[in-house]
2 protein chains.
Amino acid sequence: MKHHPHKILDCTVRDGGLVNNWDFSVQFVKDMYYGLSDAGVEYMEVGYKNSAKLLKGADSGPWRFLNESFLKEVITNKTGTKLSALVDIGRVDENDILPREQSLLDLIRVACYIKDVDKGLELVQKFNSMGYETTLNIMALSHVMDNELTEAFEEIRQSPVDVVYIVDSYGSMDFKDIDYLVAKFQRLLPEKELGLHMHNNMQLAFANTIAGAAKGVTFLDSSVYGMGRAAGNCPTELLVSYLKNPRYDVRPVLDIIERHMIAMREKWEWGYIIPYMIAGVLDEHPRVAMALRASADKDKYVDFYDRLTSVETAPTSKD
Amino acid sequence: MKHHPHKILDCTVRDGGLVNNWDFSVQFVKDMYYGLSDAGVEYMEVGYKNSAKLLKGADSGPWRFLNESFLKEVITNKTGTKLSALVDIGRVDENDILPREQSLLDLIRVACYIKDVDKGLELVQKFNSMGYETTLNIMALSHVMDNELTEAFEEIRQSPVDVVYIVDSYGSMDFKDIDYLVAKFQRLLPEKELGLHMHNNMQLAFANTIAGAAKGVTFLDSSVYGMGRAAGNCPTELLVSYLKNPRYDVRPVLDIIERHMIAMREKWEWGYIIPYMIAGVLDEHPRVAMALRASADKDKYVDFYDRLTSVETAPTSKD
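About the thresholds
Residues numbered from 1 in each chain as written. Chains lettered and ligands numbered in written order. Predicted model: local features only at pLDDT ≥ 70, side-chain atom pairs only at ≥ 80, totals over all residues. Heavy atoms only, no water. Pairing = 2+ DSSP bridges. Helix = DSSP H or I, 4+ residues; strand = E, 2+ residues; numbered from the N terminus. Axes fitted to C-alpha atoms, helices over the stretch in contact; angles between N-to-C directions. Contact = heavy atoms within 4.5 Å. Least-squares fit on C-alpha atoms with pLDDT ≥ 70 in both. Buried area = accessible area lost by both parts, 1.4 Å probe. Salt bridge = Lys/Arg side-chain N within 4 Å of Asp/Glu carboxyl O. Polar contact = N/O pair within 3.5 Å; in protein donor to acceptor, adjacent residues only side chain to side chain. Buried < 20%, exposed > 50% of the residue type's maximum accessible area, 1.4 Å probe, protein only. Right-handed = clockwise from strand over helix to strand, strands pointing away. Core = buried A, V, L, I, M, F, W, Y, C linked by side-chain atoms within 4.5 Å. Parallel < 35°, antiparallel > 145°, perpendicular 65-115°, else oblique. Left-handed = near helix turned anticlockwise from the far one by under 90°. 1 Å grid on protein atoms, 1.4 Å probe; cavity = no way out; pocket = protein on both sides within 12 Å on 5 of 7 lines; lining within 4 Å. Points joined across faces, edges and corners; volume = space filled by probe spheres on them. Nonpolar A, V, L, I, M, F, W, Y, C, P; charged D, E, K, R; others polar. Domains from an automatic or database assignment.

Participant: I would appreciate a short explanation of the sheet that holds strand S6 (residues 163-167) of chain A in the present structure.
Facilitator: Across a sheet, paired strands are connected by hydrogen bonds in the backbone, their directions being either parallel or antiparallel. Residue and element names in this part refer to chain A. Strand order in the closed barrel formed by 8 strands is S1-S2-S3-S4-S5-S6-S7-S8, and the pairing between neighbours is parallel. Across the sheet, the mean angle from the axis of one strand to that of its neighbour is 25°, orientation sign disregarded. Where S6 and strand S7 (residues 193-197) come together, 5 bridges link them in parallel fashion. What sits directly across from Ile166, in S7, is Leu196. Contacts between helix H4 (residues 117-129) and the sheet are confined to strand S3 (82-88), strand S4 (107-112) and strand S5 (133-138), with S5 contributing the most and set at about 170° to the helix.

Participant: What should I look at first to understand the relation of the copies chain B and chain A in this one?
Facilitator: Two copies of one chain are present, and they are related through a rotation about an axis combined with an axial shift. Overlaying chain B on chain A yields an RMSD of 0.0 Å, the required transformation being a rotation through 180° with an accompanying axial translation of 0.0 Å. What the superposition gives is, in effect, a two-fold axis relating one chain to the other. The fraction of interface residues of chain B whose copies in chain A are also interface residues reaches 100%, indicating that both copies meet through the same surface.

Participant: It is not clear to me how the interface of chain B and chain A should be interpreted in this structure. Could you clarify?
Facilitator: As a measure of interface size, the accessible area lost when the parts come together is often cited. Contacts between chain B and chain A engage 38 residues on the former and 38 residues on the latter. Between chain B and chain A the total buried area reaches about 3,400 Å² when both faces are included, carbon and sulfur atoms providing 67% of it. Linking Asp306 of chain B and Arg251 of chain A is a salt bridge whose minimum nitrogen-to-oxygen distance equals 2.6 Å. At the surface where chain B touches chain A, the tally comes to 12 residue pairs in polar contact (both at pLDDT 80 or more). Looking at the side of chain B that touches chain A, the elements that each hand over two or more residues are helix H6 (175-188), helix H7 (205-214), helix H8 (236-242), helix H9 (251-267), helix H10 (274-281) and helix H12 (301-309) of chain B. No other element matches H9 of chain B, which puts 6 residues into the side of chain B that touches chain A.

Participant: Sorry if this is basic, but what is going on with the pairing of strand S8 (residues 219-222) of chain A here?
Facilitator: Two faces make up the sheet, and in a regular strand the side chains alternate between them. All names here are of chain A. Alternating positions in S8 separate into two faces, Phe219 and Asp221 on one and Leu220 and Ser222 on the other, with burial throughout. One ladder, built from 4 bridges, connects strand S1 (residues 7-10) with S8; its direction is parallel. Pairing of Lys7 across the sheet is with Phe219, part of S8. What joins S7 to S8 is helix H7 (residues 205-214), and the crossover it makes is right-handed.

Participant: Would you take a moment to explain the nonpolar core for this structure?
Facilitator: Formed by 232 residues in total, the largest nonpolar core has its most connected members in Phe185 of chain A together with Phe185 of chain B. Discounting residues that sit within four places of it in the chain, Phe185 of chain B has contacts with Ile138, Leu141, Leu149, Phe153, Val164, Tyr165, Ile166, Pro190 and Leu194 of chain B.

Participant: What is the right way to read the packing of helix H2 (residues 26-39) of chain B against H9 of chain B from this model?
Facilitator: To describe two helices that pack against each other, one gives the angle between their axes and the distance between the axes. Residues and elements named next belong to chain B. With their axes 8 Å apart at the nearest point, H2 and H9 run at an angle of 155° to one another. Judged by the angle between their axes, H2 and H9 are roughly antiparallel. Where H2 crosses over H9, the handedness of that crossing is left-handed. Within the contact between the two elements, H2 uses Phe28, Asp31, Met32, Gly35, Leu36, Asp38 and Ala39 and H9 uses Pro252, Val253, Ile256, Arg259, His260, Met261 and Met264.

Participant: I tried to follow the pattern of salt bridges on my own but got confused; where do I start?
Facilitator: Side-chain pairs of opposite charge can arise whenever the charged atoms involved come near each other. Residues and elements named next belong to chain A. Overall, the coordinates contain 50 salt bridges over all chains when judged by the stated rule. Note that Arg247 is salt-bridged to Glu42, the shortest N-O span being 3.2 Å. Residue Arg247 is found in the loop between helix H8 (236-242) and helix H9 (251-267), and its partner Glu42 is found in the loop between helix H2 (26-39) and strand S2 (43-48); the two are separated by 205 residues along the sequence. Residue Arg247 is classed as partly exposed on the basis of its relative accessible area, which comes to 40%. Arg91 is paired through a salt bridge with Asp88; the nearest N and O atoms lie 3.5 Å apart.

Participant: Would you take a moment to explain the layout of surface pockets for this structure?
Facilitator: Unoccupied space between atoms shows up once a probe the size of one water molecule is rolled over them. The computed volume of the largest pocket comes to approximately 1,500 Å³. Arg265, Trp270, Tyr272 and Ile273 of chain A together with Arg265 of chain B are, among the 47 residues lining the largest pocket, the residues nearest its centre. Elements with a contribution of two residues or more to the lining of the largest pocket: helix H1 (12-20), H9 and helix H11 (287-293) of chain A together with H9 of chain B. Examining the composition of the lining of the largest pocket, we find that 4 residues originate from one element, H9 of chain A, more than from any other. Among the residues forming the lining of the largest pocket, the class breakdown is 23 nonpolar, 10 polar and 14 charged.

Participant: What's the story with the domain arrangement of chain A in this structure? I'm lost.
Facilitator: Residue and element names in this part refer to chain A. Domain boundaries assigned for chain A yield domain 1 (7-267) and domain 2 (274-318). Taking only C-alpha atoms, the centre of domain 1 and the centre of domain 2 are 27 Å apart. Taken together, the contact pairs 11 residues of domain 1 with 9 residues of domain 2. Summed over both partners, the interface of domain 1 with domain 2 comes to about 880 Å²; 61% of that surface belongs to carbon and sulfur atoms. If you sort the residues of domain 1 by the area they bury against domain 2, Tyr170, Asn201 and Ala230 come out on top, with a joint share of 50%. Taken together, domain 1 and domain 2 are joined by 0 salt bridges. Here domain 1 and domain 2 share 4 residue pairs in polar contact (both at pLDDT 80 or more) between them. Class assignment for the residues of the side of domain 1 that touches domain 2 results in 4 nonpolar, 6 polar and 1 charged.

Following this line, the structure appears as structure tokens:
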């Protein structure tokens, strides 16, 4: 592998929070931060910076609606590992965001679907002017028409956004899709760094991430033990082990897994589970599979497959 | 993907038997065979054809020392799905093997390390003369020097063997290794079909298999729900879903998983488990990790990592 300046962005607390409603202890988040720091991981995404006023979810853990003064009690000793937060279009109150010099956060990432790239870039502009590094994470790219993407790039090129992410929301992409999208993004956005956020429905999250890294993608999302919604993410322990960079050390990541993640995995579910595989293979949102896993029929795979592939009951049949 | 004539070879019963000492019921093996047949899978490996006289293991299930008359009671209705068995150098008694026209088996695969390729090819020659299709499965290729491999190819070229397998015994290979080996095998063995048998220590078994398939490898090993020794194999359900061939149908594979594999996975352990990941990353045989998983220290990942990476205790330190 060429020595691209890869950056690992661990999003265990943010994306993993979608699994357990952000029920992470302060000790866990501290151990995660200092462990990732020792492992040489460049960024840790510590939660969502959405507004509780704009979303139902009063019962969620504090990592869903990050509060700076709380965060400063948790991370008392900032290391070389930068902190990031994710915001969603329409769910963030810009007045909640401090100027960067008063914040523990270094990077704010804006997630949006292709139709909302304009709104996403408006937020990016704001956060950029407040001094933050920024990314635009374009979700569900497997459902986007090529001409629509080309059109969005025109706006993105004008924006101060630092990094543009390819997000495989449905875990349906293979190496050919990654090759195609990375080449297209590089050709049309030559001034931007690129990022990858992969899901593991088909056990391809790590493979796709290293394939993209070899092509020059620099921001690589991962989570410890793959913890993330539904099939989860590219595992941090694999990325840290694999990438050729003397700063990386897998040992502290193993320690986090040993101390925390094995017990968490017994309590909460994520990873390669057949209904998520089926959703990935069919290139569909995992929400139907998540509903199945929360029901008594959670292991009725054949019925589930029949339901998703039947013409009579497919969502579009009544259109 | 180009329409190479891919063949899926499911080795759940053979390789999965290394997990549960071949404790598979007759009903399970029947369901597996007819399910794989309905799924369009071309080959099912139904066990080892090693000799009980040459191996300890009297307590193993019958799939370890396949007996033709027993097999004929199990598979009473042969479908289009061919049957294979694996033999190891020095563990097979050739007198146990019937001529193909009296056997249910179509294919005999010979597994060997590079140093035993001559012995492997001698067996291949015998089985070929008895009418069987044959493969030579070269194990542990990540530990083989390139010149040694080139030399072995001279013998292989003279042999009647139909298929030569690249076996990633330690689950340590990535797409660059697959690219390299497939290109080398194709260049030096242009008359042979190629096969891939991957392990999932780094969650790369499926990714490496489809990468090789895209380069023209035709024999693709897999197992249902990935069941196989230690980290397991490329999952059959992913391969059947992914490969573009109208004969494949994932539904019967989902049915096997639903009816059998979920309960089996609760009883026996295989798959992406951290000590197997560590062994894969370090390119080592999984036996030390398997011993750890059978001990009270099974989740002491950091100690295990320290042990495998420490100069003082590494196996070679006393040489």
